[in-house]
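Observations on the model geometry
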Amino acid sequence: MRYIEYGSEKTKVSCIGIGCMRIAAMDENTAESFVQTALEQGINFFDHADIYGGGRSEQVFGKLFQKDPSLRDKMFLQSKCAIHDGMFDFSKEYILKSVDGILERLHTDHLDALLLHRPDALMEPQEVQDAFDELHKTGKVKNFGVSNCNRYQMDLLKTKVTYALSADQMQMSIAHTPMLDAGFNVNMAIDPSIMRDGGTLEYCRINDMVVQTWSPLQIGYFGGVFLNNEKYGELNEKLDEIAAAYGVEKDTIAYAWLLRYPAKMQVITGTTTPARIQSAAKAADITLTRKEWYDLYKAAGNRLP
Ligand SMILES: NC(=O)c1ccc[n+]([C@@H]2O[C@H](COP(=O)([O-])OP(=O)(O)OC[C@H]3O[C@@H](n4cnc5c(N)ncnc54)[C@H](OP(=O)(O)O)[C@@H]3O)[C@@H](O)[C@H]2O)c1
């Protein structure tokens, strides 16, 4: 496993993180082997959110920690808040209330990181600062970050927030690349040149932030996986070819493609299958060549100017 530094204390976290959005219905035995498989691969990073399964995903982990409290210290636990009742909410009151619920469900006294899940247009940076300050001073949260935020939203928060924004969790896969497309097509009068995110990847590099890629195998917004999808024939052929050359499964190459971007990249996989966790972990050992990386980008249907 390869590790990257997260937050001001530069905690070592695995470049593959386990997303827990789809585990709400897991029974205890399955959850145990799911977590054990990840830990055995050197994966120490687990991503939750207060809304996953209406809180049930966090409860699954809470039960594991109750049974074996030593498990908690083997993990870097991240959760997210801000989505509720059909709106986004960065108010101090809501952030504090949400974290208390998260800690209770997880049966832990602290989170290693809290992300604000989706930008709230009504955000008041001072309120966010006050919430973070209380959470940090009480030891409930060690690090902070955001998700689905562009650079301007992060800069706006930073007008008052004194804590480092350590990560931005954004959607990215070979079949979902708007954050890259605009950079290839600067000043062109074509659709891919439209800047949809304000240069988030470059901003994260400049500010030494971790870029967490959610839905690393999905087409568009939960459009299903592109692996073995006939609409992505050329991409699957290229993945098969490169996977054969490295002696791995093609999902490994799909994750390695994300890790090849030269920021502090962290893939948040959503698989619930232990064998696929093992495939994901192997991506940490693969550095695709520049040619392989560009070939895969083009095989997904993208054109370079
Ligand atoms: N910040 C945000 O707004 C946001 C939004 C969405 C998600 N997330 C985070 O990102 C994580 C990952 O998201 P995601 O679950 O959408 O990601 P994903 O890894 O792209 O998709 C997971 C799905 O793909 C399937 N899959 C995995 N490998 C496969 C393979 N080789 N062949 C066929 N199917 C395969 C999985 O099935 P199996 O379980 O059967 O393997 C699962 O249903 C979430 O758990 C969550 O932590 C964040």
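Residues numbered from 1 in each chain as written. Predicted model: local features only at pLDDT ≥ 70, side-chain atom pairs only at ≥ 80, totals over all residues.

**Description of the nonpolar core**
Core analysis: the biggest nonpolar cluster contains 83 residues, and I16, V99, L114, I174, Y255, V267 and A283 have the highest contact counts within it. Looking at this core, the element that brings in the most residues is helix α9 (residues 250-259), giving seven residues. When neighbours within four sequence positions are excluded, A283 is seen to be in contact with I16, T252, Y255, A256, L259 and V267. (Core = buried A, V, L, I, M, F, W, Y, C linked by C-beta atoms within 7 Å. Buried ≥ 20, exposed ≤ 12 C-beta atoms within 10 Å, placed from the backbone. Helix = DSSP H or I, 4+ residues; strand = E, 2+ residues; numbered from the N terminus. Contact = placed C-beta atoms within 7 Å.)

**Some words on the pairing of strand β11 (residues 210-214)**
Of all five residues in β11, five are buried, a share of seventy percent or more. Burial along β11 is two-sided: V210, Q212 and W214 facing one way and V211 and T213 facing the other are all buried. Sheet analysis places strand β10 (residues 165-171) next to β11, joined by five bridges and oriented parallel. Bridge pairing in β11 places A167 opposite V210. Taken together, the four bridges between β11 and strand β12 (residues 264-269) define a ladder with parallel strand orientation. Counterpart to V211 in the pairing with β12 is M265. (Pairing = 2+ DSSP bridges.)

**A short note on the environment of P125**
Take P125: it is sitting in helix α4 (residues 125-137). The exposure class of P125 is partly exposed, given the 16 C-beta atoms found within 10 Å. Separated by 28 residues in the primary sequence, P125 and Q153 have C-alpha atoms spaced 9.8 Å apart. Apart from the residues lying within four places of it in its own chain, the contact partners of P125 are L156, L157, T159, K160 and V161.

**Description of the sheet that holds strand β8 (residues 111-116)**
Within the closed barrel, the eight strands sit side by side as β3-β4-β5-β8-β9-β10-β11-β12. Their pairing is parallel. The sheet shows a mean angle of 30° between the axes of neighbouring strands, direction not considered. As judged from the five bridges shared by β8 and strand β9 (residues 141-147), these two strands associate in the parallel manner. Counterpart to L111 in the pairing with β9 is V141. (Axes fitted to C-alpha atoms, helices over the stretch in contact; angles between N-to-C directions.)

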